[in-house]
Amino acid sequence: MNIDKTFCRSKIVAVSSVIPNKIMDLHEYSDVYGSSYIERITESTGINRVRVADIDKTSADYCYEAALKIFECTGICAEEIDGLIFLSESPDYIIPNTAAVLQHRLGIPTNTINIDLRYGCAGYVYGLFQASMLVESRYCKNVLLLAGDTMSKFTHPEDRSLRMVLGDAACATLVSGVADGKPSRYDFFVDGNGVNSLIIPAGGCRMPIKHGVTDVLEFDSEGNGRTKENLYMNGMDVMVFAIRQVPKLINNLLESLNWKADDVDLFALHQANKIIVDRIVKTLKIDKNKVPLDMKDTGNCGFVSIPLMLCTLYPGVNNNLHKVIACGFGAGLIAAVGAFDFSETNFVKTIEV
């Protein structure tokens, strides 16, 4: 039996994004790592600077600021929100869920459905899917999706492979119910065999933190230092996964929609690095002008990289964005793709906090 997986009763009304005002310029480390190494990194990744959260600020703090911008630009008030989703891999606490913290801070009603999601770089598409489902089911009328990560707090200072590319950021997205909305559709891929390719090994129940065991600094063959309490990434594994699976996933979605690649107005891909995005573009054989890059001054901001790019490069309402493909990919290993009509969506200009 064929199932219609198209959503048509939900609308992505507005998106806002926030970046920390603290900047780490890669070129400042030329004396430490050598100018040739820095030039090689900036050329291959497309990143010159990364945004770093203040030591006393969490992803929830930046999401709070992004939510206020949504209220300001849409005129909607906290009392009208009946669904709240917090998406992050850097929550305030293990217990309780951070969505509850933000519900109280923002003054959102106490009878609001309240959900925390934990995903890597595929997370924003997953978050839109979850928010849209709440609206499509008619259980909620206005869902606020708050998504942010401050992975700099989990990156060891001696791990230059990650320290030089990962940035912190947050965003807020309002998804509302409509009688006859623009259709959207999703597709997903997960290969749990690759969980160790992008992971923080210690800190959960599988490997509890233990002094003298999980906090021991170790260096790999490339000279990158980290403990088991820090983020680890096998960059080659992630790149191979992205190059192999993302084009297949996007093509499958295009086929299900009866779209051709040339029909798409914009491909909003996770801003992992320039090499990966360029390889995906080449494999898909699509116009690179339809695949914007915006990580030069922010770094790879994980799942926030998609809304951050849209808010930075396409502020306001863009009437020509009728057919948009958004795709995130990373930890899991997971990829998620969505097809959207953003022609009536307000992308609020990115702000620094």
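You'll find the structure just up there.
In this report, the structure presented in the accompanying data block is examined.

Reading guide: rules and limits
- Residues numbered from 1 in each chain as written.
- Predicted model: local features only at pLDDT ≥ 70, side-chain atom pairs only at ≥ 80, totals over all residues.
- Heavy atoms only, no water.
- Phe/Tyr/Trp six-rings, centres within 6.5 Å; stacked < 30°, edge-to-face > 60°.
- Helix = DSSP H or I, 4+ residues; strand = E, 2+ residues; numbered from the N terminus.
- Buried < 20%, exposed > 50% of the residue type's maximum accessible area, 1.4 Å probe, protein only.
- Lys NZ or Arg CZ within 6 Å of the ring centre and 35° of its normal.
- Salt bridge = Lys/Arg side-chain N within 4 Å of Asp/Glu carboxyl O.
- Axes fitted to C-alpha atoms, helices over the stretch in contact; angles between N-to-C directions.
- Parallel < 35°, antiparallel > 145°, perpendicular 65-115°, else oblique.
- Left-handed = near helix turned anticlockwise from the far one by under 90°.
- Contact = heavy atoms within 4.5 Å.

## Some thoughts on the packing of aromatic side chains
So, step 1. Counted by the stated rule, this structure contains 13 aromatic pairs.
So, step 2. Ring geometry for Phe7 against Tyr186: centres 5.7 Å apart, planes inclined by 55 degrees, an arrangement best described as tilted. One end of the pair, Phe7, is in the segment before strand S1 (10-19); the other, Tyr186, is in strand S8 (residues 185-190), and 179 residues separate them in sequence.
So, step 3. With a relative accessible area of 12%, Phe7 lands in the buried category.
So, step 4. We classify Tyr186 as buried; its relative accessible area is 7%.
So, step 5. Site record: aromatic cluster; members linked through ring pairs are Phe7, Tyr119, Tyr126, Phe129, Tyr186, Phe188, Phe340, Phe342 and Phe347.
So, step 6. The ring of Tyr64 has Arg105 sitting right over it, with the charged end atom 4.3 Å from the ring centre.
So, step 7. Positioned above the aromatic ring of Tyr37 is the side chain of Arg160, whose terminal nitrogen or guanidinium carbon lies 4.5 Å from the ring centre.

## What about the pattern of salt bridges?
So, step 1. Per the counting criterion, the structure on display carries 9 salt bridges.
So, step 2. The partner of Lys11 in a salt bridge is Glu344, and the shortest N-O contact between them spans 3.3 Å. Of the two residues, Lys11 is situated in strand S1 and Glu344 in the loop between strand S16 (334-340) and strand S17 (346-347); the sequence distance between them amounts to 333 residues.
So, step 3. Relative accessible area serves as the criterion here: at 27%, Lys11 is assigned to the partly exposed category.
So, step 4. For Glu344, a relative accessible area of 42% puts it in the partly exposed group.
So, step 5. When the shortest N-O distance is used, the salt bridge between Glu72 and Lys69 registers 3.5 Å. Here the residue Glu72 and the residue Lys69 both occupy positions in helix H3 (residues 59-74), the gap between them amounting to 3 residues, near one helical turn.
So, step 6. Accessibility expressed as a relative area gives 60% for Glu72, which makes it exposed.

## Some remarks on the packing of helix H7 (residues 235-257) against helix H8 (residues 274-284)
So, step 1. One way to put it is that H7 packs onto H8 with a least axis distance of 9 Å and a crossing angle of 40 degrees. Classified by the interaxial angle, the pair formed by H7 and H8 is oblique. With respect to the hand of their crossing, H7 and H8 are arranged in right-handed fashion. Counted together, Met239, Ala242, Ile243, Val246, Pro247, Ile250 and Asn251 of H7 and Ile275, Ile276, Arg279, Ile280, Thr283 and Leu284 of H8 form the full contact between these two elements.

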